[in-house]
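Single-letter residue listing:
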Amino acid sequence: MFSSSADASQKPLTPKAEATRARIRDAAMASFVERGYPDTTIRLIAKEAGVSVGNAYYYFPSKEHLVQELYDQQQRDHGAAARPRLDGVTGLVDRLRVFFETGLETVGAYRAVAPGFLSAMVSPDSPINPLSVESSPARDMTIGLLREVVGGASHRLPEDIAERLPEALFPMYLALILRWTYDESPGQAKTTRLLDTGLRLFAVSLPFLRVPGVRGVTRDLLDQIADVRP
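Keep in mind the model is a prediction, meaning the values are calculated, not measured.

1. Details of the pattern of salt bridges
Here the structure, examined in full by the defined rule, presents 14 salt bridges. Close ionic contact of Asp 160 with Arg 215 constitutes a salt bridge, the shortest N to O distance being 3.1 Å. With Asp 160 in helix H8 (residues 159-181) and Arg 215 in helix H10 (residues 212-226), this pair connects stretches of sequence that are 55 residues apart. We classify Asp 160 as buried; its relative accessible area is 16%.

2. Things to note about the nonpolar core
Within soluble globular proteins, side chains that are nonpolar tend to cluster in buried spots. Counting 30 residues, the largest nonpolar core has Leu 92, Leu 96 and Phe 100 as the members making the most contacts within it. Per-element accounting of this core gives the leading share, 8 residues, to H8. If we ignore the near neighbours within four places in the chain, the residues touching Phe 100 are Leu 169, Tyr 173, Leu 176 and Leu 195. Counting 26 residues, the second-largest nonpolar core is a separate cluster that includes Ile 42, Ala 46, Leu 70 and Ala 138.

3. A few points about a nonpolar patch on the surface
A grouping of Val 204, Phe 208, Val 211 and Val 214 is seen on the molecular surface, where their side chains present a nonpolar patch of about 330 Å² in accessible area. Inspection of the secondary structure assignment puts Val 211 in the loop between helix H9 (189-205) and H10.

4. Thoughts on the packing of helix H5 (residues 92-106) against helix H7 (residues 136-151)
Taken N-terminus to C-terminus, the directions of H5 and H7 make an angle of 155°; their axes are 9 Å apart at the nearest point. By the criterion of interaxial angle, the relationship of H5 to H7 is roughly antiparallel. For the crossing formed where H5 meets H7, the hand is right-handed. Residues Leu 92, Arg 95, Leu 96 and Phe 99 of H5 touch H7, and the partners they reach there are Thr 142, Leu 145, Leu 146, Glu 148, Val 149 and Val 150. Among the residues making up the contact of H5 with H7, the classes are represented as 7 nonpolar, 1 polar and 2 charged.

5. Notes on the packing of aromatic side chains
Applying the stated criterion across every chain, the model contains 7 aromatic pairs. Taking the centre distance of 5.0 Å and the plane angle of 85° together, the rings of Tyr 58 and Tyr 59 count as edge-to-face. Between Phe 99 and Phe 100, the ring centres sit 5.2 Å apart and the planes meet at 80°, which makes this aromatic pair edge-to-face. According to the relative accessible area criterion, Phe 99 is buried, its value standing at 0%.

6. Some thoughts on the environment of Asp 26
Counting through the fold element by element, Asp 26 comes out in helix H1 (residues 15-35). Sequence separation between Asp 26 and Ala 203 is 177 residues, and the spatial gap between their C-alpha atoms is 41 Å.

7. Comments concerning the side chain of Glu 69
Here Glu 69 lies in helix H4 (residues 63-86). Taking relative accessible area as the criterion, Glu 69 reaches 14% and is therefore assigned buried. There is a polar contact of 2.6 Å between the side chain of Glu 69 and the side chain of Arg 21. Apart from residues lying up to four places away in sequence, Glu 69 is in contact with Arg 21, Arg 25, Met 29 and Phe 60.

8. With respect to H10
End to end, H10 covers 21 Å across 15 residues, agreeing with the expected 21 Å (1.5 Å per residue, within 8%). Among all positions in H10, only Gly 216, Thr 218, Leu 222 and Ala 226 are buried. Projection of H10 onto a plane perpendicular to its axis shows the buried side chains occupying an angular sector of 165°, all on one side. Exposed and oriented more than 90 degrees from the buried face of H10 are Val 217 and Gln 224. Buried residues in H10 make contact with H8.

Analysis parameters
Residues numbered from 1 in each chain as written. Predicted model: local features only at pLDDT ≥ 70, side-chain atom pairs only at ≥ 80, totals over all residues. Heavy atoms only, no water. Salt bridge = Lys/Arg side-chain N within 4 Å of Asp/Glu carboxyl O. Helix = DSSP H or I, 4+ residues; strand = E, 2+ residues; numbered from the N terminus. Buried < 20%, exposed > 50% of the residue type's maximum accessible area, 1.4 Å probe, protein only. Core = buried A, V, L, I, M, F, W, Y, C linked by side-chain atoms within 4.5 Å. Contact = heavy atoms within 4.5 Å. Patch = residues over 30% accessible without salt bridge, like charges linked within 9 Å, V, L, I, M, F, W, Y side chains within 5 Å. Areas by Shrake-Rupley, 256 points an atom, 1.4 Å probe, with all protein chains shown as cover. Axes fitted to C-alpha atoms, helices over the stretch in contact; angles between N-to-C directions. Parallel < 35°, antiparallel > 145°, perpendicular 65-115°, else oblique. Left-handed = near helix turned anticlockwise from the far one by under 90°. Nonpolar A, V, L, I, M, F, W, Y, C, P; charged D, E, K, R; others polar. Phe/Tyr/Trp six-rings, centres within 6.5 Å; stacked < 30°, edge-to-face > 60°. Polar contact = N/O pair within 3.5 Å; in protein donor to acceptor, adjacent residues only side chain to side chain. Expected span 1.5 Å × (residues − 1). Arc of directions from axis to C-beta.

See the structure below:
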C-alpha cells in the first residue's frame, strides 16, 4: 500500500521539495501531539504547514502515511536515547531494562493522545497497526535495536534462544506500551512495577534456558509469540 509509485515520499526530492515535505511532516507531528490522531486531518495539516491540500496529499497520500513517519521518527529517537545508556552495560537484564525504559520515555509526549491512536490501530487490517506490513520499517528498527541489546550482553544465551528473543520481545514491548497508555497511577507506577516483575522473572529463568527440555519449550514459546507478525 505505502510503496505505491504515487507516493512522493519514495522519490528523490529536490532541496525545495524536501523542505516542503518536512514542513508537512512537522505540522502533522505537532498536531498529533496536540490534538491526537482522530482530530488531525490532512486539511488541517496543510493549513498549518502553509501548503495547499493538494500539495499535502502529493507528499503524503493519506494520514496513515504520516503516522508511519511518526513511527519511524519515534524509533530513531528510541535508538538515540538507548544506545548511550547501553554503553558499558553488559548484563542482559540491565540492557533490556534500558531498552524498555527508553522506549517508554520516547513515547511520553504522546501519552495524552495515545488512546485515540490505539482505537485507530487496533484492527488487524489497519495499516497503522504496529504489526502490519506497512509498519514494517519502524518495527524492523525496533527489533534491530533489540538485537543489539541481546547481542551486546555478557550473558551467553543458547544461540537458538538468542536468535529468537528479539522477535518475541517486540510484542511484549507493545503490550507494555498498552499497559502504560491506560495506567493512571502516579508516574505510571503500575507499569514500572510490571516491568520490574517481568525482568525479575526473566533473570530467574536465565540459568534454566540451557536445560534441554526447558530450552525446547522456550524456543517453541518464543516462536509462537513472534508469530503474531504478518
